[in-house]
Amino acid sequence: MSVSKEPSDTDVKKTTDFSILGILTSTLKKVSFIGVAYLAGYMQWSVAWLIGPLVFSVIREHWKQSRDQRRNAAKLVALSSEKEVVLARLNDLPAWVFFPDIERAEWLNRIMKQLWPSVNLFVKQIVRDSIQPKLKESLEKFKLSGFKFERIILGTVPFRIGGVKVYDKNIDRNEIVMDLDIFYAGDCDITFYLSGIKGGIKDFQLHGMLRVVMKPLITSPPLVGGLQVFFLNNPDIDFDLVGIADVLDIPGLSDILRRIVLETVANLMVLPNKFPIKLSEEVEAIDLKTPEPEGVLRVHVVEAKHLMKKDIGMLGKGKSDPYAVITVGAQNFKTKVIDNTVDPKWDYWCEATVSSIEAQYIDCSCFDWDPKVPGQAKDDFLGRATVEISNIVAKGTENTWVVLEQAKHGMIHLRFTWLSLSKDYNDLKSILAETQLLQVSTLSTGLFTVFVDSAKNLPQARMSTKPDPYATLRVGGTTQETAHIMRTIHPVWEHGFTFLVANPENDSFYLNVIDKKTNSDIGHFTFKIKSLADKPDLQVIKQPFSLSKSGPESKIVLSMHLKILKRIQEEQPQSNQPAPLERTESTISTASTDSNQVLFKPSDGLPSVSKQTESSGIEELIEDSTVSSLNSAPEVNAGEQLIHRNPSVTTSAGEAGLGRIQLTLRYSVQRQRLIIVVHKIANIPLKDPSNIPDPYVKLYLLPERAKDSKRKTQVIKDNCNPVFDETFEYVINQAELVGKRLEVTVCSQKQLFTNNSLGQVILDLSQLNLTQPYNAWLDLEPQE
C-alpha cells in the first residue's frame, strides 16, 4: 500500500513566495535597464555611459563563473570517497604522507562522519561566541554595523582529512602532537544580518594544515587534560554571498569581507594564536593558554630586482609602485611603497615569533600599489616567495635572493636570522651589542610573556551596576587587550600574551583595567621588566599584584616570563662562530656588469655540477633547496665560504652563425620545480654597426606554449654579448617532464614591428638527466 505525501501549506507558501520574488526581481531588473537607457537618451549622454556598465557586468559575470567552477570542483572532491581524494591529491600532499597514513585518514574520516552532527552544534557555539563579536568589530571599521548571524548550519558533508602525521620525536612525553591536512567544501546554510539587510553564505570552503596537541596526559578519564587546535599557516578560505548581500560580491568590495573573515580566523587559531579546549578540571588553564614560542625570526627585506611592470604609462606599460607583505602565521608586516621602479630598495626589518619550527613557513608577497577608488580590486600581484622556517633554523642565518613564484620574472633579496630563547639574563649583553651594531631602532632583545589570570574586588565604575571589565596591556609601542566580562567585580580572563622587548633594562609593562560601559579606568598596574632578572628562570607564576587607582583590596593575578633572544651560533664553539650580521650594501650581478666574477653561496649537503662543456669556467654550481635561486649570493659576510665562478668564454658563433647561449637546467625533486638559469649570450652577429641589438630571452614550455609558461629576462641595451644570470622556475611534476620541450628564443627589442627573433634553441627535456645540474653552451638556430 503506497501513501502519497501531499504538499504541506508551508511548502506551498515557500514555492509561492519564491515565484513571486523571482517575478518581482526580473521585473525590477528590466525596469531599471529601460530607465537607465531612457535617462541616457534624455540627458544626451555619450554611449560610453552604457558600454562601461555593460563591460563591467560582463567582467563580473566571468569572474563569478570562474569562482563557481573552482567551488564545484571542490564539492566533487568533498563528496568522493576518502581514499580516492587522498590518492588523487597524492602529489600535492606533504612529503610525510604515505599509504599507511592514507588508511589512517580514511579511518578518521569515518569517525568524523559519525561525529558530524555534534560537530555542527559545537562549531555553531564557537562561531557565535568567538567569531561573531570579532567580525562585528572589524566590519564597524568600514561603517558596516549590526552584524549578527541568524542561522549557522554546516550541512551534511563533513570535512575531509587528506593526510595525517603523528609526531614521535622532539616532543614532550606529556603530550601527543599530530597534523591533519583538512579540507571542507560542504553544503552549509549560513544567514546573517548586516546593517539591517539579510544576506547569506553558501559554498564555504576551507583548506589548511591543522595541528592538534593533546596535553597534558593525565591518569584519570578522559586521560587527556585538554586540546590545543590551531592552523600552522593561514588556511585558504573562499565562499559565495547570496541574497541581498550578493550586491557586495564584486571584486574589491567582496575582498573586504573575505579579508575580514580570514583575519578573524587567523586571530582565533592561526599561530601564534591557539584555540584551547579544556577537557578535565584537573588541568590548570595556564597549561593550555600560555603562549609557547620556540624562538624569534628576524627578517630583513633588502630589495627586489626585475619585478613585473603593472602601471600603465603614455607609451604602454610603465613601471610599478612595489611594496612587500611578510607573513608568518597570523603575523603580517608591510614595507613602505617605492614609487615608479621595478628594482625597489626597501631596507625593511621585522621580527616574528615562531611557535612551531616544523611545517611553518614565511611568505613574502610583492604587490603594485594603486590609488584606491570605490569598487576597485586589490593591488596588482607581483609574485611571492616562500621559505620553510626549519631550513633557516638549521643554518642559523640565511642571506639569499629568492625567485618570485606566480610571476613571469622577478627576484627578492631576503636575509634571515634565527634567535633562540634563553633563560640566562647574562645573554642580554651580546644581543644588545648586535642590535646596536645594526642601528635599527625597531629590533628586539627579549621576549616577554604574560598570562592574565583574573582580578578580584574591582571597584564599580557606577554605583547602580557592576562593571564590564577588560584589561589592556602595553609594552613599548605594542598594545593588546583581553575580552570584556559582563557585570562582575571578579573577572576571570585566562588569556596569554607575548611582547617583543627592545631592552629589558629600560622597558616596563603597563596594564589597565577598564569598564566597557563607561570606558573609565578602574585599575592600573606598572611593572619594570628588569625586576624578573633576579627571579628563578626569569619568571613569576600566578602572583597577585595590587592595582593602583582602585580599591584597597583590588588585585590582579598574573604570570610573567622573560626570555632573552640569542643567536643560535653562540651555542657552538668559538672557532666556528660567525661574525654578527652587519648592514652592508647589497650587490647582485646584472646584465650590465663587466665583472669577471659571480659569487655562489653553497648550501649544505647538496651535490655540485657534474657536467661541464666547452671552455666552461664553472667550478661548482649548487642548488639551495630552500631558496630556489642558482645564480648568486649577493652579499659577503665574515665566516661564509664562497665558491667563485668565472663566466665561461666561447669564440664560436655556432653552426648557423647566430651566436650561442649558455644555460643551466636542474630539476628539484624535493620542491617539484624545474629550475633554469639563463647565464649569457655570446657572439650575436652585428650586421649593421648603427643598429646594435637590444637582446632578451623568452622561455616557453612546449607543446602548449601557454601564457602562464612564458618567462622573460630583462632587456640589455646595445649589446652583442649580454650577461643575464637570471633564474626561472616552473612548478611541474617530474613525470610531466616526459614529452615536454623547452623553447629558448633570443629576441631584440629594437625589432618590434618585424620578426624580432635573433635565434632559437629547443631542448627535449626527456633526453636530459636533470637530477644533476646540466650546464652547456648551445648553438642558436633560425626560428621555426
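Look above for the structure.
These lines cover the structure that appears in this document, whether it is placed above or below.

1. A word on the overall build of the protein
Secondary structure assignment for the protein yields 8 helices and 36 strands. Counting every position in the protein, which comprises 784 residues, the buried fraction comes to 48%. Considering only contacts within the protein whose residues lie at least 6 apart along the sequence, 68% involve residues at least 24 apart. Just so you have it, the protein exposes about 40000 Å², and 54% of that area is on carbon and sulfur atoms.

2. A few points about the pairing of strand β6 (residues 226–231)
In terms of burial, β6 is a largely internal element, 6 of the 6 residues being buried. Of the two faces of β6, both are covered, the one formed by Gly226, Gln228 and Phe230 as well as the one formed by Leu227, Val229 and Phe231. Pairing between strand β5 (residues 197–214) and β6: 5 bridges, direction antiparallel. Across the sheet, Val213 pairs through a bridge with Gln228, a residue of β6. Judged from the 4 bridges that link them, β6 and strand β8 (residues 275–278) form a sheet pairing that is antiparallel. When the bridges of β8 are listed, Leu227 appears paired with Ile277.

3. Section: the layout of surface pockets
The computed volume of the second largest pocket comes to approximately 1400 Å³. As for the second largest pocket, its lining consists of 43 residues, and the residues nearest its centre are Val119, Val123, Ile126, Phe159 and Met269. Of all elements in the fold, only α4 (99–140), β1 (148–153), β3 (176–185), β4 (189–194), β5, β6, α5 (253–269) and β8 reach the threshold of two or more residues within the lining of the second largest pocket. Here the lining of the second largest pocket takes 13 residues from α4, the largest share from any one element.

4. Observations regarding the nonpolar core
Core analysis: the largest hydrophobic core is formed by 47 residues, its most contacted members being Phe149, Leu180, Ile182, Phe204, Phe239 and Met269. Looking at this core, the element that brings in the most residues is α4, giving 9 residues. Excluding its chain neighbours within four sequence positions, the residues that come into contact with Phe149 are Val127, Arg128, Gln132, Leu135, Ile190, Thr191 and Phe192. If you look at the next biggest cluster of nonpolar residues, it comprises 37 residues, including Tyr425, Leu432, Val540 and Met560.

5. Focus: helix α8 (residues 428–438)
Those residues of α8 that sit buried are Leu428, Ile431, Leu432, Glu434, Thr435 and Leu438. Buried residues of α8 fall within an arc of 160° about the axis and therefore sit on the same side. Turned more than 90 degrees off the buried face of α8, the exposed positions are Lys429 and Gln436. Packing partners of the buried residues in α8 comprise β9 (295–305), β14 (345–354), β18 (411–422) and β26 (555–567). Looking one or two places after α8, you find Gln439, whose phi comes out positive at around 55°.

6. Considering the environment of Lys278
Mapped onto the elements of the fold, Lys278 is located in strand β8. Between the C-alpha atom of Lys278 and that of Leu288, which follows or precedes it by 10 residues, the distance is 7.7 Å. There is a polar contact of 3.1 Å between the side chain of Lys278 and the backbone oxygen of Val283.

7. Let's talk about the packing of aromatic side chains
Evaluation of the coordinates by the stated rule reveals 12 aromatic pairs. Between Phe147 and Phe149, the ring centres sit 5.0 Å apart and the planes meet at 80°, which makes this aromatic pair edge-to-face. With relative accessibility at 6%, the residue Phe147 sits in the buried group. Each ring, one from Phe525 and one from Phe527, has its centre 6.3 Å from the other, and the planes form 25°; the classification is stacked. In terms of burial, Phe525 and Phe527 fall into one category: buried. Among the aromatic side chains, those forming a connected cluster through ring pairs are Phe448, Phe509, Phe525, Phe527 and Phe545. One Lys or Arg, Arg474, reaches over the ring of Tyr510 and ends 4.3 Å from the middle of that ring.

8. Description of the sheet that holds strand β34 (residues 741–748)
Reading across the sheet, the 4 strands line up as β32-β31-β34-β35 and stay open at both edges, with antiparallel pairing between neighbours. Each edge of the open sheet carries a strand with a single partner, namely β32 (711–712) and β35 (757–764). Taken together, the 7 bridges between β34 and β35 define a ladder with antiparallel strand orientation. Each bridged residue has a counterpart across the sheet, and for Thr745 the counterpart in β35 is Gln760.

9. A short note on the sheet that holds strand β36 (residues 774–779)
Read across the sheet, 4 strands follow the order β33-β30-β29-β36 without closing on themselves; strand pairing throughout is antiparallel. One side of each edge strand has no neighbouring strand; the edge strands of this open sheet are β33 (723–731) and β36. Across the sheet, the mean angle separating the axes of adjacent strands is 20° when strand polarity is ignored. Here 9 bridges tie strand β29 (residues 660–668) to strand β30 (residues 673–682), and the two strands are oriented antiparallel to one another. Pairing of Leu665 across the sheet is with Ile676, part of β30.

10. Examining empty space enclosed by the protein
Under the definition given, this model contains 2 cavities of 30 Å³ or more. Empty space within the second largest cavity amounts to approximately 50 Å³. Around the second largest cavity, the lining residues are Lys305, His306, Val403, His409, Gly410, Met411, Glu726, Thr727 and Phe728. It is β33 that contributes the most residues to the lining of the second largest cavity, 3 residues altogether.

11. Considerations on a nonpolar patch on the surface
Taken together, the side chains of Trp107, Ile111 and Leu115 define a hydrophobic patch exposed on the protein surface, amounting to about 300 Å² of accessible area. When you line up the elements, Leu115 lands in helix α4. For Leu115, a relative accessible area of 43% puts it in the partly exposed group.

12. Some remarks on the pattern of salt bridges
Going through the model one piece at a time under the given rule, you end up with 23 salt bridges. Two residues, Asp363 and Arg384, come together in a salt bridge whose shortest N-O distance is 2.2 Å. With a gap of 21 residues between them, Asp363 in strand β15 (residues 361–368) and Arg384 in strand β16 (residues 380–388) connect regions that are remote in the sequence. In this structure Asp363 comes out as buried when scored by relative accessible area, which is 8%. In this structure, Glu729 engages Arg673 in a salt bridge whose closest nitrogen and oxygen atoms are separated by 3.1 Å. Placement of Glu729 in strand β33 and of Arg673 in strand β30 is noted, with a sequence separation of 56 residues between them. Just as Glu729 is buried, Arg673 falls in that class too. Linked through salt bridges whose partners overlap, the residues forming this network are Arg298, Glu351, Glu434 and Arg567.

13. Observations concerning unusual backbone geometry
Residue Pro216 follows Lys215 across a cis peptide bond; omega there is -20°. Here Pro216 is to be found in the loop between β5 and β6. Pro222 follows Pro221 through a cis peptide bond whose omega is 10°. Relative to the helices and strands, Pro222 is located in the loop between β5 and β6. One non-glycine residue, Asn340, lies in positive phi territory at about 55°. With respect to the helices, strands and loops of the structure, Asn340 is situated in the loop between β13 (331–334) and β14. Positioned with a positive phi, Asn683 is a non-glycine residue whose angle comes to about 60°. Examined against the element boundaries, Asn683 turns out to sit in the loop between β30 and β31 (695–702).

The rules behind the values
Residues numbered from 1 in each chain as written. Predicted model: local features only at pLDDT ≥ 70, side-chain atom pairs only at ≥ 80, totals over all residues. Heavy atoms only, no water. Helix = DSSP H or I, 4+ residues; strand = E, 2+ residues; numbered from the N terminus. Buried < 20%, exposed > 50% of the residue type's maximum accessible area, 1.4 Å probe, protein only. Contact = heavy atoms within 4.5 Å. Areas by Shrake-Rupley, 256 points an atom, 1.4 Å probe, with all protein chains shown as cover. Pairing = 2+ DSSP bridges. 1 Å grid on protein atoms, 1.4 Å probe; cavity = no way out; pocket = protein on both sides within 12 Å on 5 of 7 lines; lining within 4 Å. Points joined across faces, edges and corners; volume = space filled by probe spheres on them. Core = buried A, V, L, I, M, F, W, Y, C linked by side-chain atoms within 4.5 Å. Arc of directions from axis to C-beta. Polar contact = N/O pair within 3.5 Å; in protein donor to acceptor, adjacent residues only side chain to side chain. Phe/Tyr/Trp six-rings, centres within 6.5 Å; stacked < 30°, edge-to-face > 60°. Lys NZ or Arg CZ within 6 Å of the ring centre and 35° of its normal. Axes fitted to C-alpha atoms, helices over the stretch in contact; angles between N-to-C directions. Patch = residues over 30% accessible without salt bridge, like charges linked within 9 Å, V, L, I, M, F, W, Y side chains within 5 Å. Salt bridge = Lys/Arg side-chain N within 4 Å of Asp/Glu carboxyl O.

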